[in-house]
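A structural walkthrough
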Amino acid sequence: MISGKTRIAGIFASPVSHSLSPLMHNTAFQARSIDAIYLAFTVDQTNLKQAVESIRTFNMLGVNLSMPNKIAVIPYLDELSQEAQLIGAVNTIVHRDNRLIGYNTDGMGFMRSVNEAGIAIKDKKVTMLGAGGAAKAIVVQAALDQAKEIVIYKRKNATFASVASTFQKIAEQTGCHITIKDYADTEQLKKDLEDTDLLINGTDMGMGEKKEMVPIDPQLLHPKIAVFDLIYSPRETRFLKEAKAQGCLTRNGLGMLLYQGAIAFELWTGQTMPIEKIQPLLDSKE
Ligand code: NAP
């Protein structure tokens, strides 16, 4: 029930109507008897500043941010958490004591799904395929969580040098051993996979028009590697199917989606998200 005290949370993105976050958070507010509602707002560079001001104006709990606002929002915030600073992007704003604090729960959410699969990241070797926004959030969190080594494979195109220098800075700031290598260097990849504990597909190969693509030759996999795909639609990419056939533990991107939301919910309300209620809802939405 909406009351005179109902607080608002939401998502600022464009496009936004496809987002599963309203379903997650409204179900969680209801289950926890929290007098709050979560709405989807179409926000882009044309109205982002006013939208952020409205968090204070309407005393909102906070918001999630998605494309195209995660980086653009930073100048409008009062404070950034450590991981948001390192990633250079914010997916959650918390409105606390009249201050707007930016967090990034994407990497933490992913890491929670890794823990949930029974893997402790500390002292593990991580190989990341792709170096986009999602990959960066995960690499930062893996470094903060003391992974032994992180190897990132990226195409050697116009952005390689600047992306490599960004990851170099993250390595210096976190003290983690991070290297970025040429995606086309299959021999090097083969070597890296020999002692990789966790392999992550951070590219979009496996979804949409790239549905039939696999990010690497699945013959390079072995059962000691846990294979995570950030894609959750389809639920099982061709890559995950082939990795499973090689005897690997596999997980899709639904866990990251679920837990990034769960952590945002904890930051806004101080309560845990009822995962057992939300997970089946997400599973049922293809
Ligand atoms: P992004 O910023 O566009 O990054 C995509 C990365 O994939 C880039 O590094 C790109 O390489 C690489 N790539 C694309 N095609 C490639 C190819 N043919 N060969 C080699 N590398 C290729 O995208 P993003 O936002 O990080 O998203 C990445 C994936 O994560 C998507 O599938 C997205 O749906 C998923 N995702 C999932 C969640 C979740 O909650 N589960 C959250 C966010 C994203 P270049 O750098 O060379 O261009």
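All figures in this text were calculated on a predicted structure; none of them were measured in a lab. (Residues numbered from 1 in each chain as written. Predicted model: local features only at pLDDT ≥ 70, side-chain atom pairs only at ≥ 80, totals over all residues. Heavy atoms only, no water.)

1. Some thoughts on the packing of aromatic side chains
Under the defined criterion, the tally for this structure stands at 4 aromatic pairs. Considering the side-chain rings of Phe12 and Phe41, the 5.8 Å spacing of their centres and the 80 degrees angle between planes classify their relative orientation as edge-to-face. Of the two residues, Phe12 sits in strand β1 (residues 7–13) while Phe41 sits in strand β2 (residues 36–42), which places them 29 residues apart along the sequence. The interplanar angle of 45 degrees and the centroid separation of 6.1 Å between the aromatic rings of Tyr38 and Trp268 together place this pair among those described as tilted. Remark: Trp268 occurs in helix α9 (residues 254–269) and Tyr38 occurs in strand β2; sequence separation between them is 230 residues. Grouping residues by exposure puts Tyr38 and Trp268 together as buried. (Phe/Tyr/Trp six-rings, centres within 6.5 Å; stacked < 30°, edge-to-face > 60°. Helix = DSSP H or I, 4+ residues; strand = E, 2+ residues; numbered from the N terminus. Buried < 20%, exposed > 50% of the residue type's maximum accessible area, 1.4 Å probe, protein only.)

2. Notes on the environment of Phe41
A relative accessible area of 30% places Phe41 in the partly exposed class. Through-space distance from the C-alpha of Phe41 to that of Asp78 is 22 Å; in sequence the pair is 37 residues apart. Aside from chain neighbours lying at most four places away, what touches Phe41 is Gly10, Ile11, Phe12, Ala13, Val16 and Met60. (Contact = heavy atoms within 4.5 Å.)

3. Here's the deal with the sheet that holds β1
Spatially, 6 strands are ordered β2-β1-β3-β5-β6-β4 in an open sheet, and the strand pairing comes out mixed. With one partner strand each, in any of the chains shown, β2 and β4 (79–80) form the two edges of the open sheet. Here β1 pairs with β2 via 7 bridges, running parallel. Looking across to β2, one finds that Ala9 is bridged to Tyr38. On the sheet, helix α1 (residues 21–31) packs against β1, β2 and β3 (62–65) and is oriented at approximately 170 degrees with respect to β2. (Pairing = 2+ DSSP bridges. Axes fitted to C-alpha atoms, helices over the stretch in contact; angles between N-to-C directions.)

4. Remarks on the pairing of strand β11 (residues 226–229)
One face of the sheet, then the other: side chains in a regular strand alternate in exactly this way. Alternating residues of β11 divide into Ala226 and Phe228 and Val227 and Asp229, and every residue in both groups is buried. Across 4 bridges, the pairing between strand β10 (residues 198–201) and β11 is parallel. Residue Ile200 lies in a different strand from β11, and its bridge partner there is Phe228. Across 3 bridges, the pairing between β11 and strand β12 (residues 249–251) is parallel. If you follow Ala226 over to β12, its bridge partner there is Leu249. This β-α-β element, β11 to helix α8 (residues 238–245) to β12, shows right-handed connectivity. (Right-handed = clockwise from strand over helix to strand, strands pointing away.)

5. Brief notes about the UniProt feature "binding site: NADP(+)" (unreviewed entry) in the chain
What UniProt calls "binding site: NADP(+)" (unreviewed entry) maps, in this numbering, to Gly130, Ala131, Gly132, Gly133, Ala134, Leu230 and Gly253. Among the annotated residues just listed, those lining the largest pocket are Ala131, Gly132, Gly133, Ala134, Leu230 and Gly253. Given the relative accessible area of 9%, Gly130 is considered buried. Contact partners of Gly130, with chain neighbours within four places excluded, come to Ala135, Ile152, Tyr153, Tyr183 and Thr203. Here Ala131 shows up in the loop between β7 (125–129) and α5 (133–144). By relative accessible area, Ala131 is classed as buried at 19%. Apart from residues lying up to four places away in sequence, Ala131 is in contact with Ile152, Lys154, Val163 and Phe167. (UniProt positions renumbered as here; feature names shortened; annotations may be inferred. 1 Å grid on protein atoms, 1.4 Å probe; cavity = no way out; pocket = protein on both sides within 12 Å on 5 of 7 lines; lining within 4 Å.)

6. Describing the site of the ligand
In the region of the ligand, 21 residues are neighbours, and Ala131, Ala134, Lys154, Asn157 and Gly253 sit closest. Ala134 has a polar backbone atom sitting 2.8 Å from an oxygen atom of the ligand. In the model, an oxygen atom of the ligand is placed 2.8 Å from a nitrogen or oxygen of the Lys154 side chain. Relative to its free-state accessible area of 920 Å², the ligand is covered by the protein chains to the extent of 72%. When atoms are counted within 2 Å of each cavity's grid points, the one that captures over half of the ligand is the largest pocket. Counting residues per element, the ones that place at least two in the shell around the ligand are α5 and α9. (Near = heavy atom within 4 Å. Polar contact = N/O pair within 3.5 Å; in protein donor to acceptor, adjacent residues only side chain to side chain. Areas by Shrake-Rupley, 256 points an atom, 1.4 Å probe, with all protein chains shown as cover. Sits in = over half its atoms within 2 Å of the grid points.)

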